[in-house]
Amino acid sequence: MTFFYLAPWIVFFPVIGLLVNIIFGGRFSEKVIGMAASLASGLAFVVSVLLAYSLTQHPEAVRWTIGEWIHIGTLQLDWTFRVDTLSTTMMLVVSGVGTLIHIYAIGYMREDVRFKNDLKRFRRFFVFLNLFIAAMMILVGGDSYLMLFVGWEGVGLCSFLLIGFWYEMDTLGRPSWANSNAAKKAMIANRIGDFGFLIASFLMFWAFHSLQFDQVFQQAPAIAASNPGLITAITLFLLLGVTGKSAQIPLFVWLPDAMAGPTPVSALIHAATMVTAGVYLVTRSAALYVTVPAAQFIVAMVGALTALFAATIAVGQYDIKKVLAYSTISQLGFMVAGVGMGAFAAGMFHLITHAFFKGLLFLSAGSVILGMERGHHHLAHHSPLSPHPRPLSQGERGEGAREDAGHREEAFDPGDMRNMGGLRKTMPVTFWVYLTGALALAGVFPFAGFWSKDEILANAFSGGFSAVYWLLTIAAFFTAFYMGRQIWMVFFGKPRHEAAAKAEESPKVITIPLMVLAALSVVGGALNLPGVETLTKWLEHTVEFIEPGEFVMSVALTSTALALIAIFISWLLYGREPLKAGEADPLKKMFGPIFTGMERKWFVDEGYKALFIDRYVDITRFTADVIDWKFWHDWFHEKVIAGAYNWLSNVMLNRYADQRGIDAFFNGLGEWTKNAAAGLRRFQNGFVRSYALFVLIGVVAILGYLLLK
Amino acid sequence: MIPINYYIALSAILFTIGALGVLVRRNPLIIFMSIELMLNAANLAIVAFTRVYQILEGQIFVFFVMTVAAAEVAVGLALIVAIFRTKHSINIDEMNNLKG
Amino acid sequence: MPPLNFSIILPLLVLTVWACLLLLVDLFVKNKGITALLAALGLAISLGITLSQVGATGTSFNNMVVLDGFSTFVNALLLVSGLFGIALAYGYVKRMGIERGEYYTLLLFSVVGMMLMAQAADLIIVFLALEMLSIPLYVLAAFARPNVNSEEAGLKYFLLGAFSTGFVVYGIALVFGATRTTSLAGIVSAANAASSGTSSLLLLTIGSALILVGLGFKVAAVPFHMWTPDVYQGAPSAVTAFMAAGAKIAGFAALLRVFSLAFPSLASDITPIIAVISALTMIVGNIIAIAQTNIKRLLAYSSIAHAGYILMAFVPYGQKGVVATSVAAGLFYLVSYALTNFGAWAVVIALEKAEGNPSTGSGQRGLEIADYAGIGRKHPALAAAMTVFMFSLTGIPPTLGFVGKFYLFRAAIAGQFYLLAVIGVLTSLISAYYYLRVVVTMYMREGEPETTSEPWLNLTWGLAAVLTVIVSLVPAPLFDWASQAVLKLF
Amino acid sequence: MEFILQPLTLMTFFPLLGVLVLLFIPGDKKNALRWTALIASLITFLISIWVLTMFNASNPDLQLVAKYNWITVAGWNIQYYLGIDGLSILLVLLTTFLSPISILSTWTAVEERVKEFLLFFLLLEVGMTGVFLAQDLFLFYIFWEFTLVPMYFLIGIWGGPRRIYAALKFFLYTMAGSILMLLAILWLGIYQGTFSVPDLIAKGGIDPHTQLWLFIAFAAAFAIKVPMWPLHSWLPDAHVEAPTAGSVILAGVLLKMGTYGFLRFNLTLFPQAAVQAAPVIAVLAVIGIIYGAAVSYAQADIKKLVAYSSVSHLGFVMLGLFALNPQGIQGGILQMINHGLSTGALFLLVGMIYEQTHTREFKVYGGLWKVTPIFGTIFLIVSLSSMGLPGLNGFVGEFTILLGAFGSTVLNSPWYAGFAALGVIMAAVYILYMFQKMFMGPEGSIVEEVRKHGHALRDLNWREIVTIVPLLIFIFWIGLYPAPFFHLMAPSVDKLTAAFQAAALAMR
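Residues numbered from 1 in each chain as written. Chains lettered and ligands numbered in written order. Predicted model: local features only at pLDDT ≥ 70, side-chain atom pairs only at ≥ 80, totals over all residues. Heavy atoms only, no water.

Visitor: Give me the lowdown on the overall build of chain B, citing residues and values where you can.
Guide: The helix and strand tally for chain B stands at three helices and zero strands. For 100 residues, the compact-globule estimate of 2.2 N^0.38 gives 13 Å, and the C-alpha radius of gyration of chain B, at 17 Å, exceeds that figure by more than 25%. The principal-axis extent of the C-alpha atoms belonging to chain B is close to 50 × 25 × 25 Å. A separation of at least 24 residues holds for 54% of the contacts in chain B among residues at least 6 apart in sequence. As displayed, chain B offers around 5100 Å² of accessible surface, 69% of which is attributable to carbon and sulfur atoms. Separation between the mean location of the 6 positive side-chain charges and that of the 5 negative ones in chain B comes to 8 Å. (Helix = DSSP H or I, 4+ residues; strand = E, 2+ residues; numbered from the N terminus. Rg over C-alpha atoms; globule rule 2.2 N^0.38 Å. Contact = heavy atoms within 4.5 Å. Areas by Shrake-Rupley, 256 points an atom, 1.4 Å probe, with all protein chains shown as cover. Lys, Arg positive; Asp, Glu negative; His and termini not counted. Charge placed at Lys NZ, Arg CZ, Asp CG, Glu CD.)

Visitor: Now, about the interface of chain C and chain D: what can you tell me, with residues and values included?
Guide: Counting residues at the interface gives 39 residues for chain C, matched by 37 residues for chain D. Between chain C and chain D the total buried area reaches about 3500 Å² when both faces are included, carbon and sulfur atoms providing 79% of it. The tally of links between chain C and chain D comes to one salt bridge. The closest approach of N and O atoms between C:R377 and D:E112, which form a salt bridge, is 3.1 Å. Summed over the shared surface of chain C and chain D, the result is eight residue pairs in polar contact (both at pLDDT 80 or more). For the side of chain C that touches chain D, the secondary-structure elements that each account for two or more residues are helix 14 (375-378), helix 15 (380-394), helix 16 (400-414), helix 17 (418-444), helix 18 (455-473) and helix 19 (476-487) of chain C. Partitioning the side of chain C that touches chain D into residue classes produces 27 nonpolar, seven polar and five charged. (Buried area = accessible area lost by both parts, 1.4 Å probe. Salt bridge = Lys/Arg side-chain N within 4 Å of Asp/Glu carboxyl O. Polar contact = N/O pair within 3.5 Å; in protein donor to acceptor, adjacent residues only side chain to side chain. Nonpolar A, V, L, I, M, F, W, Y, C, P; charged D, E, K, R; others polar.)

Visitor: I'd like a rundown of the interface of chain D and chain A, residues and numbers included.
Guide: Across the contact, 70 residues belong to chain D and 58 residues belong to chain A. Carbon and sulfur atoms make up 70% of the area that chain D and chain A hide from each other, which totals about 5600 Å². Taken together, chain D and chain A are joined by one salt bridge. For D:K370, the salt bridge goes to A:E168, with nearest N and O atoms at 3.2 Å. Counting across the chain D and chain A interface gives 20 residue pairs in polar contact (both at pLDDT 80 or more). The biggest single contributor to the side of chain D that touches chain A is helix 18 (residues 415-439) of chain D, with 14 residues. Of the residues belonging to the side of chain D that touches chain A, the class tally is 44 nonpolar, 17 polar and nine charged.

Visitor: Got a sec to walk through empty space enclosed by the protein? Specific residues and values, please.
Guide: Residues and elements named next belong to chain A. Counting across every chain of the model gives ten cavities of 30 Å³ or more. For the largest cavity, the calculated volume is near 90 Å³. Lining the largest cavity are twelve residues, and of these W451, E455, P530, E550 and F551 lie nearest its centre. A total of four residues in the lining of the largest cavity trace back to one element, the largest contributor, which is helix 19 (residues 448-462). Tallied by class, residues from the lining of the largest cavity come to six nonpolar, two polar and four charged. (1 Å grid on protein atoms, 1.4 Å probe; cavity = no way out; pocket = protein on both sides within 12 Å on 5 of 7 lines; lining within 4 Å. Points joined across faces, edges and corners; volume = space filled by probe spheres on them.)

Visitor: Please give an account of the pairing of strand 1 (residues 62-72) of chain A that cites residues and values.
Guide: All names here are of chain A. Of the strand pairs in this sheet, strand 1 and strand 2 (residues 75-83) are connected by nine bridges, and their pairing is antiparallel. Note on strand 2: the bridge partner recorded for G67 is W79. Here strand 1 folds back onto strand 2 in antiparallel fashion, the turn holding two residues, of which G73 has a positive phi close to 55°. (Pairing = 2+ DSSP bridges.)

Visitor: Talk me through the nonpolar core; I want residue IDs and the actual numbers.
Guide: By size, the foremost hydrophobic cluster in this structure holds 724 residues, and its most contacted members are C:F263, D:Y152, D:F218, D:F262 and D:L319. Examining the composition of this core, we find that 21 residues originate from one element, helix 13 (residues 320-351) of chain C, more than from any other. Once residues lying within four places of it in the same chain are set aside, the contact partners of C:F263 are C:V175, C:I187, C:L204, C:S208, C:I211, C:V258 and C:Y317. (Core = buried A, V, L, I, M, F, W, Y, C linked by side-chain atoms within 4.5 Å. Buried < 20%, exposed > 50% of the residue type's maximum accessible area, 1.4 Å probe, protein only.)

Visitor: Describe the packing of helix 5 (residues 114-133) of chain D against helix 11 (residues 244-269) of chain D, and please don't skip the residues or the numbers.
Guide: All names here are of chain D. Relative orientation of the contacting elements helix 5 and helix 11 amounts to 20°, with a least axis distance of 11 Å. The orientation of helix 5 relative to helix 11 falls into the category roughly parallel. Seen along the crossing, helix 5 lies across helix 11 with a hand that is left-handed. Touching F117, F121, L124, M128, V131 and F132 of helix 5 are A245, I249, V253, L254, K256, M257 and Y260, all from helix 11. Partitioned by chemical class, the residues of the contact of helix 5 with helix 11 number twelve nonpolar, no polar and one charged. (Axes fitted to C-alpha atoms, helices over the stretch in contact; angles between N-to-C directions. Parallel < 35°, antiparallel > 145°, perpendicular 65-115°, else oblique. Left-handed = near helix turned anticlockwise from the far one by under 90°.)

Visitor: Would you mind going over the environment of A:A277 in detail, with residue names and values included?
Guide: Inspection of the secondary structure puts A:A277 in helix 11 (residues 277-284). Spatially, the C-alpha atom of A:A277 lies 27 Å from that of A:G107, the residues being 170 residues apart in sequence.

Visitor: Can you lay out the arrangement of the chains for me, pointing to particular residues and giving the numbers?
Guide: By contact count, the dominant pairing among the five pairs of chains in contact is that of chains A and D. Taking C-alpha atoms only, the smallest gap left between chain B and chain D, which are not in contact, amounts to 25 Å.

Visitor: Hey, could you go over the packing of aromatic side chains for me, with residue numbers and the actual values?
Guide: In the structure shown here, the tally under the stated rule is 123 aromatic pairs over all chains. When the ring of C:W227 is compared with that of C:Y232, the centres are 6.2 Å apart and the planes differ by 75°; the resulting orientation is edge-to-face. Since its relative accessible area comes to 2%, C:Y232 is described here as buried. Through pairs of rings, three or more aromatic residues link up here, namely A:W69, A:W79, A:Y145, A:F149, A:W152, A:F197, A:F202, A:F213, A:F217, D:F395, D:F399 and D:F406. Above the face of the D:Y165 ring, D:R162 is positioned so that its terminal group lies 4.4 Å from the ring centre. Of note, D:K437 hangs over the ring of A:W177, and the distance from its end group to the ring centre comes to 4.1 Å. (Phe/Tyr/Trp six-rings, centres within 6.5 Å; stacked < 30°, edge-to-face > 60°. Lys NZ or Arg CZ within 6 Å of the ring centre and 35° of its normal.)

Visitor: Before we move on, can you summarise unusual backbone geometry with the specific residues and values?
Guide: Cis geometry marks the peptide bond from C:V222 to C:P223, where omega comes out at 5°. With respect to the helices and strands, C:P223 occurs in the loop between helix 8 (199-219) and helix 9 (227-234). Looking along the chain, the bond that leaves D:W229 and enters D:P230 is cis, with omega of 0°. One non-glycine residue with positive phi stands out, namely A:H209, at about 60°. Inspection of the secondary structure assignment puts A:H209 in the loop between helix 6 (178-208) and helix 7 (213-226). Looking at A:H209, the relative accessible area reads 40%, which means it is partly exposed.

Visitor: So what's going on with the side chain of C:T179? Residues and values would help.
Guide: Residues and elements named next belong to chain C. Here T179 lies in helix 6 (residues 148-179). Note on T179: relative accessible area 8%, which makes it buried. The contacts of T179, once residues within four sequence positions are left out, are I187, A190 and L204.

Visitor: Go over helix 6 of chain C, please, and point to the residues and values.
Guide: Along an α-helix, a turn takes 3.6 residues, which lines up residues three or four apart on a common side. Residue and element names in this part refer to chain C. Taking 1.5 Å per residue as the helical rise, helix 6 with its 32 residues ought to reach 46 Å, and the 46 Å between its terminal C-alpha atoms agrees with that figure. Capping the start of helix 6 is the job of one residue whose side-chain oxygen sits 2.8 Å from the backbone nitrogen of N149: N147. The first or second residue beyond helix 6 is R180, which carries a positive phi of 65°. (Expected span 1.5 Å × (residues − 1).)

Visitor: Residues and numbers for the side chain of B:S11, please.
Guide: Mapped onto the fold, B:S11 is located in helix 1 (residues 4-24). The class for B:S11 is buried, based on a relative accessible area of 0%. There is a polar contact of 3.0 Å between the side chain of B:S11 and the backbone oxygen of B:I8. At 2.7 Å, the side chain of B:S11 forms a polar contact with the side chain of C:Y170. The contacts of B:S11, once residues within four sequence positions are left out, are B:A41, B:L44, B:A45 and C:Y170.

Visitor: Outline the packing of helix 15 of chain C against helix 16 of chain C, listing residues and values.
Guide: Residues and elements named next belong to chain C. Close contact between helix 15 and helix 16 brings their axes to 6 Å; oriented N to C, the two are set at 10°. Accordingly, the angle class assigned to the pair helix 15 and helix 16 is roughly parallel. Contacts between helix 15 and helix 16 involve S392, L393 and T394 from the first element and L400, G401, F402 and K405 from the second.

Visitor: How would you sum up a nonpolar patch on the surface? Please name residues and give values.
Guide: Residues and elements named next belong to chain A. Judged by side-chain polarity, F622, V626, I627, F631, W635, V640, I641 and Y645 come together as a nonpolar surface patch covering roughly 660 Å² of accessible area. Along the chain, V640 falls in helix 27 (residues 604-652). By relative accessible area, which is 30% here, V640 ends up partly exposed. (Patch = residues over 30% accessible without salt bridge, like charges linked within 9 Å, V, L, I, M, F, W, Y side chains within 5 Å.)

It is worth stressing that arrangement in space is one thing and function is another; only the former is reported here.
What follows is the structure, given as structure tokens:
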């Protein structure tokens, strides 16, 4: 029994969910809104499971068309869903993790909207979240590159909306353009990547005359044989798209800023699902990549470099979410490197485990932040949470903005690790799940991360990508170190701020999803254990170039050892002697400028601003104000064209000439030449004689022409 | 017999003198006389041609021209008188109310 | 000698007799309005006769006058112009305090001269007709005496008109010298006989050029146009309106007939001259108009510019295959110009006020473009009509001016005068600039304009506006008539 | 009677009936006037739907032809000739669709001289519909020039502070181009003996050199109207000063007359010249895309930003048309519709907020999403459509255009589309900038400013929502299921491109 006909419902359910919330949400209570949205996502998960089940019966890809899209000549695009093992894997991850995060968000957003004083936005959040699930499902479920692109841009939009969710403030709740800037930055960085995607799709269409996966892949070997440069170009342009969406060098800069969004968003979109779309894309295009090893190498190097680069930055961060953000970039680098090397199974495997543990870490971080906020509120208002925040009266609202700016100047940052410490005691559940996630991320045996990361490393090691191997290994070392640093700083030692001391554990709606994810982070490795290779075999039905990864003991031992060493060092620095309030980071004391570099993200943002953004603004300003307006609009059209007419008109009327001339004209032939110019100009001056003169000039000219011709 | 070209030359000279007279004089009466000179230059030419070609048509034309010139004189003088009444001057260079 | 066939000039004759009688009758009529109506009746009768002659042809007076489709067309147009001229003057002269019976008689005589011009088949007649139409106009221009502007206009027109007549006469003399005849038919055969390079050919060429100058003066072609703005401004508006249409129609009628009948052999010499004059006229007229602030001067320059457009129809006069269409185009354009012109002047008259000091001529109000502010709101119908006229003069559909230009440019292109056509359209563009300024002032600026509402005046602009639009949509009959009119010419 | 009842004639001239009725309603009965005009335009829209039902999408030729001899004397061969085919049907529908919407948008925005406004508006509708239907060059030119007149008044009387300047500039610019076209039309009429477009196409046989000159003359008119870079200087003035409904129609329909002109006349009448000129036009189009996008970003005035974005968007259309392959041309036609919907909607929205705030300076805006959530959300959707987000209409057009241009055998270089695709990035930059500056960030000073005058800034009311929702429906419809739209045009476009293959062959 197969359920392939249900495929479109992976999109329809979330869409129905969001429509219900848009239309009726105004009358729903927060709980109902959250339930409706979670249900929509959950049903999508159920469908995904049914599809996966169906695939076990019938492992070949099934295409399910629901409508015609663009048919022009040879361009034949339909709304077709593709159910195969790869897409279903992604669907399961997206809807599964997504549903958990929906549930978590019910609790999280309930508090968040109260802290930020806008209850109406609760509904909006779940609408966006459902929209995201829908877009992501289109991305992974599409049967052609263009349908994939629809989802690709759709999730970009959701990312924009959710990063800019609190668009009128910064992360600390002060009135500011910061959050909206972050949102815009994300969307534009993604668009740059999308440019690559578009060009790739054009190349692909005119090479293969199709954008449908099967048709493209079938012809790939033939085209690669005749015109390998073309395939290289396609794959590299796709890579540009990947760097945008999956935050790789050089377009990774948007992801850290994306932490401006509410924490469930960071978890869902900017860690677990959307950012992995690039990895999915490369895996999906495996048939293209395998034909051009040079491109593969470039992809792998981009991934590896990103992995290391981002890992170093993560070491220097103080914001709990920023650490995780850079860690995400780094881990995405692992995945991209993996799929770049052709280790598609390893990449996908890491994608899945990463979704578990990074989702977990973000959500836990959110729990920490909420705990800190609760503590802070406790201090400020002596009542933890007023169920109904004081509504602002009409008169106050306008003043509010300025007042806020004033008194929130020393705003409390609930996400700053320097304010934390000792949360292990006040938030025990959060501590334990966070620790699980951290160990998984650090790649400690036998947590999920260990297996997936090792598979990538092993592939690099044995596949002849030694540079990649070393870059990734060093990155792995840093990973363990910064996670260690975070754990020590957040959960151990003594509270460095009173809010941390008063922090409270989160409600069950938050902690239960955390526990589920924690469990998955522990056992996730079982998906593709060496030798068993469940995932690889599963994907084999779709990605024919997949090879079972081998387990290289030396690699596993090296990385485990490095991870343990890194954790130990972090204990030496942060655990043995916990940081005190106001104290500088020990690394800063030791490495000074290098640490500043890490802390300041190696000045990449500043560099981009100076090199590209400011230049773009300058160029557009210059084009608009000087070239288009001053020169073209004002000068050319007004002065030159209109001015010339008016000038001519006035000259012909003698408005500018003096009035003497006509007599001088006849005072002697000698004067004639002298005054000729002036005389000719005194046209319409009211004198009969000069009018007659003109008649005569006309006659002379005509006769002269006739006689001299 | 005097060649026809002499007549034509004379009439051309008279015509030119007349035309230049229009340009240089300020008194409308004299301008008017200059115009008469131009017309008579034409008359001279026509009469000369008629004489050479021995056809009458041209001579009729001369009479017409003379008649019409007389009519013009009547109208012109009336205009000049009317202007003199209003402006007490007939200097045409003072007549430039209308310009531009 | 063949018997005189008076039916050839019957409309003309009737009108002349009627005008003479009117001169007498006027002595006994107190109410000058009746004189006006009688004059109009005369024109109407003559028009009736003219229309009954459609299709008829013939010559008379020893082949000195001719009746053909062309003359019938032009005569009808001239008579209608006369009617419009009277309609405009009817209330205007009263309002301005210059109501005298001679006005209408002079107007009739001028129309007679114009009609004779259209029928002339001999240079002598051309000259006579020219004077006959001009002399009444000199008087009419000065009709508002003792208004100094009007007198100045009259004298200027007179002096320069007489000056230009001198050229025509001299030109005729030279042509006569070259061809031994003044008959148009005789000239063409003589000219064909004259071998090139002979002195008689030179005389002929120079003579024709001088005739061109004289007629160019009448139609206000550059560089013989300088009188136009001053005279148009100074003369009473009703006179200007009539002069602008009638004298131009007659002048072009003569040009078309004289040159296409008598001088086709000179085309290679004359065509470039006309082309240059046409181009200059379009350019100068349109460009100077930009700087005008007085509506009468603006329309004067506009009239100069339109002379340039009509001349364009005339440029390919020596090309056998094209000349018929192009002359037809010229005729058609004359109709469209006359109609629009009367409408526009009617609006000018509706806004003109008698106030001011008549002896200095200053202080006349209602003649600056700025005085048109706010009409759009206060007198929507009048403003709409004026808008139609402005668009028609610019050549924007759906107005007669557009169809006329379409026809004209077609002639230029068919004659392969592409550059001239391009100058034509470009200057049309320039003209949009100042015509639109009037529209802008009417609709987009606030003001408190005062207008006069007189039945005949309202009828004039109303009818002109409606016809300008309607005929542009159904132009086929008029096209047909114009092309029929020129058929027999060639 | 047959003449009047002919569907295309009826559709074109029906608004005149509205004009007649309006003339007899006193000027102070404003609502009666508005209802009359709205109903007249709605009935026109219904007639256009009726026309659509009679339209046979599989027939590439002109349909529902109304053909009568008009001026066939004195060597003239001018016909009253209306017809509709796949190239024009969508544009006609766009026109009849946007007109009632625009009238609805003026309900409270225009309080002065309502009667005249609606008169001019209905006249404009006649002109626009006629432009898209006329198959005789003379008739076409009349409609074409005629649209100038009402638009000129709409800008000049009801516009902003510099309206007179803008109106005059609009008029002179457009006229400047069209008079050259007039000469070319005359040339065709004289030397080809007919003004009828199908006959001219059938006759063909103009030598390539002459074709090029004629092509240039026609292109002059259309390029200014589009406007193609660098002839766009009238556009920001006209848009900034025009009243909202004027901007909507200007952007929605009038600019399309330019691109439609290229499609209907330049491509069909002068195929060889089109092939020759394609690279030049494509270069200008690409410059327009990038230049328009760059200049948009640097604007301080919302309406100006939207106006310049039109330069960029229509650059896409031009690039698509001159790709001269089915993808490009169909994309180009669809993009015309898309631009009409999206930019029309943007102008409507900007007008709605302007009505309350009386300013369009970015610097006073901010944080409006919180104050006016429905408005913000609709604005967002429209903005996204304008920047070409997949799933909305703009993407379908842009993608097919770029795809077509990329593989065009005539352009024969991927660089055009490559550079044009940069415009996609730049569109995101300025569109998001616009959205951010208006709706995100801290509350702008205008919110307080408006409150000082007595009323708080309100969200959209029902009339405004009714005005905008039809546009949203199409934005989604075309984005998700553009097939019906493509089906309407496909046969005609295929016929057109077949002609190009012949022309391209003839050139070799």
